[in-house]
Amino acid sequence: QVQLVESGGGLVQAGGSPRLSCAASRSIFDINVMGWYRQAPGKQRELVAGLTSGGSTNYADSVKGRFTISRDNAKNTVYLQMNSLKPEDTAIYYCKLTVPGFGGFWGRGTQVTVSS
């Protein structure tokens with residue numbers, strides 16, 4: 001099992017550049033797949049950014065060129081750098097780690113609210 005705690009959300013002005021963090025309770029060295037998702041009110045949860053152990057990334061079209069996912073194995077932390085935020089980026093942001101042999105684990109989320 002792994003516990004995940006997201007942080008870094010809050011109220012941000014449009015155009016802002018917050019960084020979200022996802023701290024894991026265990027080493028993430030062997031984690032093959034990690035991702036950031038978001039869920040806006042009345043909408044389904046969607047993948048925002050994904051990262052594999054090989055360094056491959058993928059992004060939702062709506063955030064390409066603005067968001068960057070990264071990992072720091074030494075700190076057991078996954079990050080989401082968000083730039084040029086827009087009001088439509090308002091959502092609860094969740095991180096998910098897929099542990100080999102155990103499946104996916106979710107954090108409880110962090111709210112990001114972008115004011116225009």
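Everything below is about the structure shown above.
Residues numbered from 1 in each chain as written. Predicted model: local features only at pLDDT ≥ 70, side-chain atom pairs only at ≥ 80, totals over all residues. Heavy atoms only, no water.

Colleague: Looking at this model, I keep getting lost on the overall build of the protein chain. Mind explaining?
Modeller: The helix and strand tally for the protein chain stands at zero helices and 11 strands. In sequence order, the secondary structure elements of the protein chain are arranged as β-β-β-β-β-β-β-β-β-β-β. The C-alpha atoms of the protein chain give a radius of gyration of 13 Å, which matches the 13 Å a tight globule of 116 residues would have. Dimensions along the principal axes, computed over C-alpha positions, put the protein chain at roughly 40 × 25 × 25 Å. Across the 116 residues of the protein chain, 39% fall into the buried class. Accessible surface computed for the protein chain: about 6,100 Å², of which carbon and sulfur atoms make up 49%. (Helix = DSSP H or I, 4+ residues; strand = E, 2+ residues; numbered from the N terminus. Rg over C-alpha atoms; globule rule 2.2 N^0.38 Å. Buried < 20%, exposed > 50% of the residue type's maximum accessible area, 1.4 Å probe, protein only. Areas by Shrake-Rupley, 256 points an atom, 1.4 Å probe, with all protein chains shown as cover.)

Colleague: Looking at this model, I keep getting lost on the pairing of strand β5 (residues 46–52). Mind explaining?
Modeller: When a strand is regular, its side chains alternate between the sheet's two faces. As defined by bridge partners, strand β4 (residues 33–39) adjoins β5 across six bridges and the pair is classed as antiparallel. What sits directly across from Trp 36, in β5, is Ala 49. Count of turn residues in the β4/β5 antiparallel hairpin: six residues, of which Gly 42 carries a positive phi of about 80 degrees. Bridge count between β5 and strand β6 (residues 57–59): three bridges; the pairing is antiparallel. Among the inter-strand pairings, Ala 49 is bridged to a residue of β6, identified as Tyr 59. Linking β5 back to β6 in an antiparallel pair, the connection comprises four residues, with Gly 55 at a positive phi of about 95 degrees. (Pairing = 2+ DSSP bridges.)

Colleague: Whenever I open this one, the pairing of strand β11 (residues 110–115) confuses me. Can you help?
Modeller: The side-chain alternation of β11 yields one buried face, formed by Thr 110, Val 112 and Val 114, and one unburied face, formed by Gln 111, Thr 113 and Ser 115. In the sheet, strand β2 (residues 10–13) pairs with β11 via four bridges, with the strands oriented parallel. Note on β11: the bridge partner recorded for Gln 13 is Ser 115. Sheet topology places strand β9 (residues 91–99) next to β11; three bridges connect them, and they run antiparallel. By the bridge assignment, Tyr 93 is partnered in β11 with Thr 110.

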